[in-house]
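Chains, contacts and geometry: an overview
Single-letter residue listing:
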Amino acid sequence: MTSSDKHEEFDVVAGASAVGFTPADAQELGDRVNNRSQRPTSEAFKEFMASSWAPAEPVQHERDEVAEHAAARRSAVSAQFPNERLVIPAGPHKVRSNDTDYRFRPHSAFAHLSGLGVDHEPGAVLVFEPVEDGTGDHGSGHEATLYFKPMAGRDTQEFYADARHGEFWIGPRPGLEEFSQRLGLRTEDAGALEVAVTKNAGPVEFGGTRIRLLREVDLDVDALVDTSRINTTVDLETSDAYDGELAEALSELRLVKDAWEISQMRVSVEATIAGFHDVVAVLPRAAEHARGERIVEGAFFARARLEGNDLGYDTIAASGNNATVLHWIRNHGAVRRGDLLLLDAGVEADSLYTADITRTLPVTGEFSPNQRKIYDAVLAAADAAFAVVRPGIRFRDIHTAAVRVLAEHLDDWGLLPVSLEEALEETGQHHRRWMPHGTSHHLGLDVHDCAQAKRELYLDGVLEPGMVFTIEPGLYFKNEDLAVPAEFRGIGIRIEDDVLVTEDGAENLSAALPRSAEEIEQWMQGIWSS
Ligand code: GLY
Ligand code: MN
Ligand code: MN
């Protein structure tokens, strides 16, 4: 849909604002968005547009596979916040520019607890209503209800005149029955949200119900809760702290993935591997183009859209010195023969789980001896990190293992200005000049998943089966780095895999993608010769 199409609705939906209007030279700026509209506003047009559409066929929907898992997650949240009302918005459409929105993507906590993935559902809010303990959903102390704006019938003005919600404009959307059948959740029209959120709200010491809100997801919901708090003299500062605890708890709930989440991680990893394959296939063409990195980015994105929903994050397609720029997402550089290409990319599945994988590839299909020396050091660091992963170790031990190996290589190459031992001390850390990021982060619905978890459960946390995270050591020597000899400069190498903690060790979910220099060379040649 073009943006000019999109505005046709407004003279029908919001046309009332133009009635009895002042002369054009006095027209207020805010009203001028309607100036392009040519849609008729006659009653005859409205009547005709709302008539003679086949009624939507009723469909019985199967229960989504995720539903039972989402229910278990809701029970876990319920147990943490007895007698409190929990409000978890999906978030609204986000404006990209002027009247053009981004594709909708719900907040990850909402997706996790509702089971909803791609497209669903702008403006929706999940409310946990406290009930007597044991009498709620699945024997919990809460009843969860999903509030959203269901699709309007084809005989309504909304059907043909609302470009953000109407089926005529954006295609079919779910109704209350559909989500209820698919998710096993109560569903209610969004019109009932205000009462549901605010009823009996107030200071607990005066018999009111405490609301905890996942803040800054939907500003309309923030305003609704804040107004209720002000009206009922609930202390705002204390409430902020309660809200913060909810955000933290919802983030921590995702530290250990359930069986369905792990299956989705496998889906996204597999699609990502297919995307890396496609990138290798276009690499010779990328090397011919002034913006070869864009060719690489485009090839990966094409695969992401075919196999899943989107990208979990902007692709880093970085060749030559650009590979030393950690957040290189401009991707407008050339891909030159003799250089390396660092590709950090992840397909987001329809369920919204994302992979996060990096491979560093020789553009010619063959590493130079110098590139190979640095590559092998990074691979050794990754292998050392993998070797320590098992239930019971601390998350931070993974980084320690990887960084020690990198520091040893940097020492062997004579790059450290102090002894290896001094560098490894807290007070040293000179090697971090060339490996400035962490080795691992949790991965799931968000690429940097569980980011609001407490330090003692994240960095200082102990690994458990079901945790999924990256191992991604790298070395980055910038062109302008005078602390290294010339032959190191302009080389950035990272190897990133997605790891599942098992009962007794780790599974590399991205193991099907070649890792060693020889495997990569053979794999690339194989793709080019097939
Ligand atoms: N692609 C972002 C990261 O590796 O953390
Ligand atoms: Mn990563
Ligand atoms: Mn990455």
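Just above sits the structure.
Quick look at the structure, then. Computed from a prediction, not measured in an experiment: that's the story for all the values here. (Residues numbered from 1 in each chain as written. Chains lettered and ligands numbered in written order. Predicted model: local features only at pLDDT ≥ 70, side-chain atom pairs only at ≥ 80, totals over all residues. Heavy atoms only, no water.)

Now for the overall build of the chain. Looking only at helices and strands, one finds 17 helices and 17 strands in the chain. Expressed as lengths along the three principal axes of its C-alpha atoms, the size of the chain is roughly 80 × 55 × 50 Å. The proportion of buried residues among the 530 residues of the chain is 51%. Across the chain, the fraction of contacts at a sequence separation of at least 24, relative to all contacts at a separation of at least 6, is 71%. Total accessible area computed for the chain in this model is approximately 24300 Å², and 50% of it derives from carbon and sulfur atoms. (Helix = DSSP H or I, 4+ residues; strand = E, 2+ residues; numbered from the N terminus. Buried < 20%, exposed > 50% of the residue type's maximum accessible area, 1.4 Å probe, protein only. Contact = heavy atoms within 4.5 Å. Areas by Shrake-Rupley, 256 points an atom, 1.4 Å probe, with all protein chains shown as cover.)

So, about the coordination of the manganese ion (ligand 2). The protein atoms that coordinate the manganese ion (ligand 2) are D356 (OD), H441 (NE2), E472 (OE) and E496 (OE), at distances of 2.0 to 2.2 Å. Relative to the metal, the 6 donor atoms surrounding the manganese ion (ligand 2) lie at angles of 52 to 155°, and the coordination shape comes out irregular. Along the chain, the residues donating to the manganese ion (ligand 2) are arranged with the sequence spacing D-x84-H-x30-E-x23-E. Distance-wise, the manganese ion (ligand 3) is placed 3.3 Å from the manganese ion (ligand 2), both being coordinated by D356. With E472 in the loop between strand 13 (468–471) and strand 14 (474–477) and E496 in the loop between strand 15 (491–494) and strand 16 (497–501), the pair connects residues that are 24 residues apart, well separated along the chain. E472 gets classed as buried once you look at its relative accessible area, which sits at 8%. (Donors = N, O, S within 2.8 Å, 3.2 Å for Na, K, Ca; no water. Tetrahedral: all angles 85-135°; square planar, octahedral: opposite > 155°, others 65-115°.)

So, about the coordination of the manganese ion (ligand 3). Donor atoms from the polypeptide that bind the manganese ion (ligand 3) are D344 (OD), D344 (OD), D356 (OD) and E496 (OE), placed at 2.0 to 2.3 Å. For the manganese ion (ligand 3), the 6 donor atoms in the first shell make angles of 58 to 173° at the metal, so the coordination geometry reads as irregular. Going along the chain, you hit the donors of the manganese ion (ligand 3) in the pattern D-x11-D-x139-E.

Here the focus is the site of ligand 1. The environment of ligand 1 is made up of Y313, D344, D356, H441, H448, E472 and E496. With respect to ligand 1, the side chain of H441 contributes an N or O atom lying 3.0 Å from an oxygen atom. Between H448 and ligand 1, the recorded distance is 2.7 Å, taken from a side-chain N or O atom to an oxygen atom. Within the complex, the protein chains bury 83% of what would otherwise be the 190 Å² of accessible surface of ligand 1. Split by residue class, the shell around ligand 1 holds 1 nonpolar, 2 polar and 4 charged. (Near = heavy atom within 4 Å. Polar contact = N/O pair within 3.5 Å; in protein donor to acceptor, adjacent residues only side chain to side chain. Nonpolar A, V, L, I, M, F, W, Y, C, P; charged D, E, K, R; others polar.)

Checked against the element boundaries, Q264 lands in helix 12 (residues 259–286). Residue classification places Q264 among the buried positions, given a relative accessible area of 14%. Setting aside its immediate chain neighbours within four residues, Q264 contacts A349, S351 and Y353.

A complete count under the given rule lists 1 cavity of 30 Å³ or more for this structure. Of the volumes computed, that of the largest cavity is approximately 50 Å³. In this structure, the largest cavity is lined by A71, R74, S75, S78, F128, D137, S140, H142 and A144. Looking at the lining of the largest cavity element by element, the count peaks at 4 residues for helix 4 (residues 67–80). (1 Å grid on protein atoms, 1.4 Å probe; cavity = no way out; pocket = protein on both sides within 12 Å on 5 of 7 lines; lining within 4 Å. Points joined across faces, edges and corners; volume = space filled by probe spheres on them.)

To continue, consider the layout of surface pockets. As a volume, the largest pocket reaches approximately 1300 Å³. Every residue lining the largest pocket is counted, 47 residues in all, and those nearest its centre are Y102, R103, F104, R105 and D310. For the lining of the largest pocket, the secondary structure elements donating two or more residues are helix 1 (3–6), strand 3 (100–101) and strand 8 (310–311). Looking at the lining of the largest pocket residue by residue, the class counts come to 17 nonpolar, 14 polar and 16 charged.

Bringing the pattern of salt bridges into the picture now. Within this structure, the stated rule accounts for 39 salt bridges. Residues E408 and R404 are paired through a salt bridge, measuring 3.4 Å at the closest nitrogen-oxygen approach. Taken together, the residues span about one helical turn, with E408 and R404 both in helix 15 (residues 395–412) at a distance of 4 residues. For E408, a relative accessible area of 29% corresponds to the partly exposed category. Overlapping salt bridges, with partners in common, bring together R215, D226, R229, D240 and D243 in one network. (Salt bridge = Lys/Arg side-chain N within 4 Å of Asp/Glu carboxyl O.)

The 3 strands lie next to each other as 9-10-12, forming an open sheet whose pairing is antiparallel. With partners counted over all chains shown, the strands left at the sheet margins are strand 9 (316–319) and strand 12 (357–362), one partner each. Pairs of neighbouring strands in the sheet enclose a mean axial angle of 10°, with direction left out of account. Relative to strand 10 (residues 340–345), strand 9 runs antiparallel, the two sharing 4 bridges. Within the sheet, the bridge partner assigned to A317 lies in strand 10 and is L343. (Pairing = 2+ DSSP bridges. Axes fitted to C-alpha atoms, helices over the stretch in contact; angles between N-to-C directions.)

We now examine the nonpolar core. With 91 residues, the main nonpolar core has F469, L475 and F477 as its most contacted residues. Per-element tally for this core: the top contributor is helix 12, with 12 residues. With sequence-adjacent residues up to four places away left out, L475 is seen in contact with I374, A377, V378, L406, L410, W413, W434, I491, G492 and I493. Ranked by size, the runner-up nonpolar core spans 25 residues in total, among them A90, F104, A144 and L183. (Core = buried A, V, L, I, M, F, W, Y, C linked by side-chain atoms within 4.5 Å.)

Judged by side-chain charge, D411, D412, E421, E422, E425 and E426 come together as a negatively charged surface patch. The topology assignment puts E425 in the loop between helix 16 (420–424) and strand 13. Taking the relative accessible area as the measure of exposure, E425 reaches 45% and is therefore partly exposed. (Patch = residues over 30% accessible without salt bridge, like charges linked within 9 Å, V, L, I, M, F, W, Y side chains within 5 Å. Lys, Arg positive; Asp, Glu negative; His and termini not counted. Charge placed at Lys NZ, Arg CZ, Asp CG, Glu CD.)

In this section: the packing of helix 12 against helix 13 (residues 292–307). The contact between helix 12 and helix 13 brings their axes to 8 Å, and the two run at 150°. Here helix 12 is positioned roughly antiparallel relative to helix 13, judged by the angle of their axes. Crossing of helix 12 over helix 13 shows right-handed handedness. Residue-level inspection shows A271, T272, A274, G275, F276, D278, V279, V282, L283, R285 and A286 of helix 12 in contact with helix 13, the latter providing G292, I295, V296, A299, F300, R303 and E307. (Parallel < 35°, antiparallel > 145°, perpendicular 65-115°, else oblique. Left-handed = near helix turned anticlockwise from the far one by under 90°.)

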